[in-house]
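Observations on the model geometry
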Amino acid sequence: MTAEELRRCYVGFFTERGHKEIASASLLPENDPTVLFTTAGMHPLVPYLLGEKHPLGTRLTDVQKCVRTCDIEEVGDDSHLTFFEMLGNWSLGDYFKEESISMSFDFLTKVLQIPMERLAVTAFEGDERVRKDVETAEIWRRKGLREDQIFYYGTDENWWGPVGQTGPCGPDTEIFYDFGKKKCSDTCGPACHCGKYVEIWNNVFMEYKKEADGSLTELTQKNVDTGMGFERILTINQSKTNVYDTELFIPVMTVLSEILSENETNMTMRDKRILCEHTRATCFILGDDKHIAPSNTEQGYIVRRLIRRMIRILKKAGLPNDTLIKLAEIIILQYQEVYEEIGQNGPFILEQMKNESELFSKTLDAGLKKAERYLMERTVQAEDVQKKGEQQKKEQRSELKILSGALAFKLYDTYGFPIEFTCELAEEKGCLVDLEGFQACFLEHQEKSRQGSEAKFKGGLADHSVQTARLHTATHLLHAALRQVLGEQVQQRGSNITAERLRFDFSHPVKVTKDELARVEDLVNSAIAKKRDVIMTEMTVEEAKEKGAIGLFENKYAEKVKVYEIPDFSMEICGGPHAGNTGELTGFQIIKEEASSSGVRRIKAVLRERSE
Ligand code: SER
């Protein structure tokens, strides 16, 4: 099957079984303070897994764009990617284990015709909180799997979620493809990384919610959340051994090989793969409608890190920086058919890549020289000590091979070297970097320059607390007020809410004046004072458009969407949750207005407690 045939075949299989197709959500989560990217298809569905009613019903399916930066170091092997597509199907309190496993089994063995002997599956072994999932193993047995194809694992392998501190979670059953190689040892199984098994699908039985105190409570509904790695299943379906040999990467890999031979140079296979993979991830992050540009924080930092890593690879091979543009053009052409935004935002993608490459090239040479000098000094000192042949100095030798946090920070601050990039350089010279020392310098610097950091590389999903719901309603009021004061051309570019504050990004070419900000604040506070009900209605996308609702009309497949209305003030397509009445909000106050990226402004605002 071609890639697009496989996407359609998956979605078709589930829509035939009563699922409604939803569109891929943005790669940049809405109203979610604690994750940088959408890392799984379930992210945009958290409220519904927790019990809110979804306008399309209880069975959903989609192909979701995802980014997982935790796998960045593995990129270059056969299967790990930073950007990937996830095929997913969900039961929101509808079917459970039996039906979910049956559908997955049928899709793999009947539709994709994977021989049953090629599958291996896992089930939850149980822990002090939740009992062993013998039921799942029994269902697999009934499907015809042999005992040696079924494995039990504990919480580390067979429990999924929540993404952060709180949220929906549960035991899962993972489905692996067995490449048929010999077991590497007696204990070799799906959890082993020898390459015999690759995980293709994860079916999570989400019947619990993890609370802030760490305890588990049973959800009111038993859900199923599944996710299948699209690139991996395509690799298997196209009878390849690695994702780069599939049609998804062949065009970009081919162009790279041509550029290498034109320039009479070469690079390792791993570097080639990293270049192509990172180009694709960069195109998808920059190509998201929210127009994230490279920067030193949050998603902008990740994209900066990817581009800078690629520039160094090009430099090592003696290739010009515009190689990146040539590779990106291939990706844009290839993916714009499936993801329109990649084509629409093509010029932005290329411009940002070019700017970032030029910016980094200016300091790269000087920075590399400096880094080499620092690392050389360490290696030479260490060798000197070793030459003296004193056994007790061995320890001292390894201490010497550590690059201090202060120097790593200097490379970051002066030459723009992301810390991970410095770690890679150090590793090549057999040195380590004092990461704690780096962190300390980084924090000290931040303190000095009073740039409160909101970087968050770990954490969980939004807590959906009363306070975040209120701030969410305040965000709708702010959005409407901005359009009243600045004009209807104002469009949301991003929203991020914590329990303490809201942050709203919107399109506007110039700084918002003090006077305009004051008018916006007054409008929001007067809407609060009017104690208006926040009314949710389900309607078709067409009806919502006709009524003048604003918001992302991104759900092109949805028959019905939720529209939140604050009468005479705001009407937005939105998943919720919200306050019931604007009177629950108090003291709206804008605390900052600043540039976010070119043509995009950012407002941070809070709801102050009423002083009684
Ligand atoms: N949420 C699960 C995962 O990401 C299944 O989709 O693996």
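Remember, it's a predicted structure, so these values are computed and weren't measured experimentally.

**Description of the site of the ligand**
If you check the shell around the ligand, you find Ala40, Met42, Arg68, Met86, Trp160, Asn202, Val204, Asp225, Thr226 and Gly227 and nothing else. Within the side chain of Arg68, a nitrogen or oxygen atom sits 3.0 Å from an oxygen atom of the ligand. Within the side chain of Trp160, a nitrogen or oxygen atom sits 3.4 Å from an oxygen atom of the ligand. Protein chains bury 96% of the 230 Å² of accessible surface belonging to the ligand in isolation. In terms of residue class, the shell around the ligand is built from 5 nonpolar, 3 polar and 2 charged.

**Digging into the pairing of strand S3 (residues 83-91)**
A regular strand places its side chains on the two faces of the sheet in alternate fashion. Summarising burial for S3: 9 of the 9 residues are buried, a large majority. Of the two faces of S3, the one lined by Phe83, Glu85, Leu87, Asn89 and Ser91 and the one lined by Phe84, Met86, Gly88 and Trp90 are each fully buried. Examined bridge by bridge, S3 and strand S9 (residues 216-229) share 4 bridges and lie antiparallel to one another. Note that in S9 the partner of Leu87 across the bridge is Met228.

**Concerning the confidence of the model for the protein**
Confidence in the prediction of the protein, expressed as mean pLDDT, is 89, and 91% of residues score 70 or more. For the stretch residues 450-462, pLDDT sits under 50, and the model shows 38 contacts to residues farther than four places along the chain or on other chains.

**Examining the sheet that holds strand S12 (residues 492-497)**
On the basis of which strands lie adjacent, the open sheet formed by 4 strands has the order S12-S13-S18-S17 and antiparallel pairing. Of all strands in the sheet, those bounded by a partner on one side alone are S12 and strand S17 (588-597). The mean inter-strand angle of the sheet, taken between neighbouring strand axes irrespective of direction, is 20°. Sheet topology note: the S12/strand S13 (residues 502-507) ladder contains 5 bridges and is antiparallel. When the bridges of S13 are listed, Gly494 appears paired with Asp505.

**Looking at the environment of Thr109**
Mapped onto the elements, Thr109 comes out in helix H3 (residues 97-111). Thr109 sits 10 residues away from Leu119 along the chain, and the two C-alpha atoms are 9.2 Å apart. Leaving out residues up to four positions away in the same chain, Thr109 has contacts with Ile114, Met116 and Leu119. Of the polar contacts made by the side chain of Thr109, one reaches the backbone oxygen of Phe105; its length is 2.7 Å.

**Re the state of the cysteines**
Think of a disulfide as a covalent bridge from one cysteine sulfur atom to another cysteine sulfur atom. Scanning the model with the defined rule gives 0 disulfides in all. With no disulfide of its own, Cys188 has Cys194 as its nearest cysteine by sulfur position, at a separation of 3.7 Å. Here Cys431 stays unpaired: no disulfide links it, and the sulfur of Cys423, its closest cysteine neighbor, is 11 Å away. Residue classification places Cys431 among the buried positions, given a relative accessible area of 4%.

**Digging into the packing of H3 against helix H4 (residues 134-143)**
Helix packing geometry: the angle between the two helix axes and the distance between the axes. The N-to-C vectors of H3 and H4 enclose an angle of 40°; their axes lie 10 Å apart at closest approach. Taken together, H3 and H4 sit at an angle that is classed as oblique. By crossing handedness, the relation of H3 to H4 is classed as right-handed. Counted together, Lys97, Glu98, Ile101, Ser102 and Phe105 of H3 and Glu135, Thr136, Ile139, Trp140, Arg142 and Lys143 of H4 form the full contact between these two elements. Of the residues that constitute the contact of H3 with H4, the class distribution is 4 nonpolar, 2 polar and 5 charged.

**Some details on the side chain of Arg483**
Looking at the element boundaries, Arg483 is found in helix H17 (residues 466-486). Given the relative accessible area of 15%, Arg483 is considered buried.

**A short note on the pattern of salt bridges**
Within the structure shown, the criterion is met by 44 salt bridges. A salt bridge links Glu341 to Lys65; the nearest nitrogen and oxygen atoms lie 2.6 Å apart. Of this pair, Glu341 sits in helix H11 (residues 340-344) while Lys65 sits in strand S2 (residues 59-67), placing them 276 residues apart in sequence. In this structure, Glu341 and Lys65 share a single accessibility class: buried. Ionic pairing is found between Lys222 and Glu207, a salt bridge with its closest N-O pair at 3.0 Å. One end of the pair, Lys222, is in strand S9; the other, Glu207, is in strand S8 (residues 197-210), with 15 residues separating them in the sequence. The buried category is assigned to Glu207, whose relative accessible area is 11%. Through salt bridges with shared partners, a single ionic network connects Glu4, Arg7, Arg8, Glu21 and Glu85.

Conventions used here
- Residues numbered from 1 in each chain as written.
- Predicted model: local features only at pLDDT ≥ 70, side-chain atom pairs only at ≥ 80, totals over all residues.
- Heavy atoms only, no water.
- Near = heavy atom within 4 Å.
- Polar contact = N/O pair within 3.5 Å; in protein donor to acceptor, adjacent residues only side chain to side chain.
- Areas by Shrake-Rupley, 256 points an atom, 1.4 Å probe, with all protein chains shown as cover.
- Nonpolar A, V, L, I, M, F, W, Y, C, P; charged D, E, K, R; others polar.
- Buried < 20%, exposed > 50% of the residue type's maximum accessible area, 1.4 Å probe, protein only.
- Helix = DSSP H or I, 4+ residues; strand = E, 2+ residues; numbered from the N terminus.
- Pairing = 2+ DSSP bridges.
- pLDDT = per-residue confidence, 0-100.
- Contact = heavy atoms within 4.5 Å.
- Axes fitted to C-alpha atoms, helices over the stretch in contact; angles between N-to-C directions.
- Disulfide = S-S within 2.5 Å.
- Parallel < 35°, antiparallel > 145°, perpendicular 65-115°, else oblique.
- Left-handed = near helix turned anticlockwise from the far one by under 90°.
- Salt bridge = Lys/Arg side-chain N within 4 Å of Asp/Glu carboxyl O.

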